[in-house]
Amino acid sequence: GMGHELKLRGISDGTFIAGVLANENCADKSTVETIHGDYLAAGCDVITTNSFVAVPQRMLECGIATEADNNRRASELIRASVD
């Protein structure tokens, strides 16, 4: 899934948090968009947002105001990949 692809592309800190932070980090956002695009190019009919651990406790650990903020950014990234 997305977490594995992020790890393969060098975005990992050994935790699931790295995937969530990829939605926030400008440099990593393009990687998230690229991965979504790669899944579509491979023939996937359905792709999901990069928000696996976007829950209140994890968001506070990352210093993100709410999971809704991160989920909104994850949705924007996936929408950009589809358009």
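Cut-offs used in this document
- Residues numbered from 1 in each chain as written.
- Predicted model: local features only at pLDDT ≥ 70, side-chain atom pairs only at ≥ 80, totals over all residues.
- Heavy atoms only, no water.
- Helix = DSSP H or I, 4+ residues; strand = E, 2+ residues; numbered from the N terminus.
- Buried < 20%, exposed > 50% of the residue type's maximum accessible area, 1.4 Å probe, protein only.
- Contact = heavy atoms within 4.5 Å.
- Areas by Shrake-Rupley, 256 points an atom, 1.4 Å probe, with all protein chains shown as cover.
- Lys, Arg positive; Asp, Glu negative; His and termini not counted.
- Charge placed at Lys NZ, Arg CZ, Asp CG, Glu CD.
- Salt bridge = Lys/Arg side-chain N within 4 Å of Asp/Glu carboxyl O.

**Q** So what's going on with the overall build of the protein? Which residues, and what values?
**A** When its secondary structure is counted, the protein shows five helices and zero strands. The helix and strand sequence of the protein, counted from the amino end, reads α-α-α-α-α. For the protein, the residues scored as buried account for 31% of the 83 residues in total. Expressed as a percentage of contacts within the protein between residues at least 6 apart in sequence, the contacts between residues at least 24 apart total 63%. Surface summary for the protein: the accessible area is close to 5,000 Å², and the carbon and sulfur share equals 54%. Of the side chains in the protein, 7 bear a positive and 12 a negative charge, and the two mean positions are spaced by 1 Å.

**Q** Run through the pattern of salt bridges, naming residues and quoting values.
**A** The tally for this structure, following the rule as stated, stands at two salt bridges. In this structure, Arg-9 engages Glu-5 in a salt bridge whose closest nitrogen and oxygen atoms are separated by 3.1 Å. With relative accessibility at 35%, the residue Arg-9 sits in the partly exposed group. With a closest N to O distance of 2.8 Å, Asp-38 and Arg-9 form a salt bridge. With a gap of 29 residues between them, Asp-38 in helix α3 (residues 26-41) and Arg-9 in the loop between α1 (2-8) and α2 (17-22) connect regions that are remote in the sequence. On the basis of relative accessible area, Asp-38 is assigned to the partly exposed category, the value being 35%. Through salt bridges that share partners, Glu-5, Arg-9 and Asp-38 make up one connected network.

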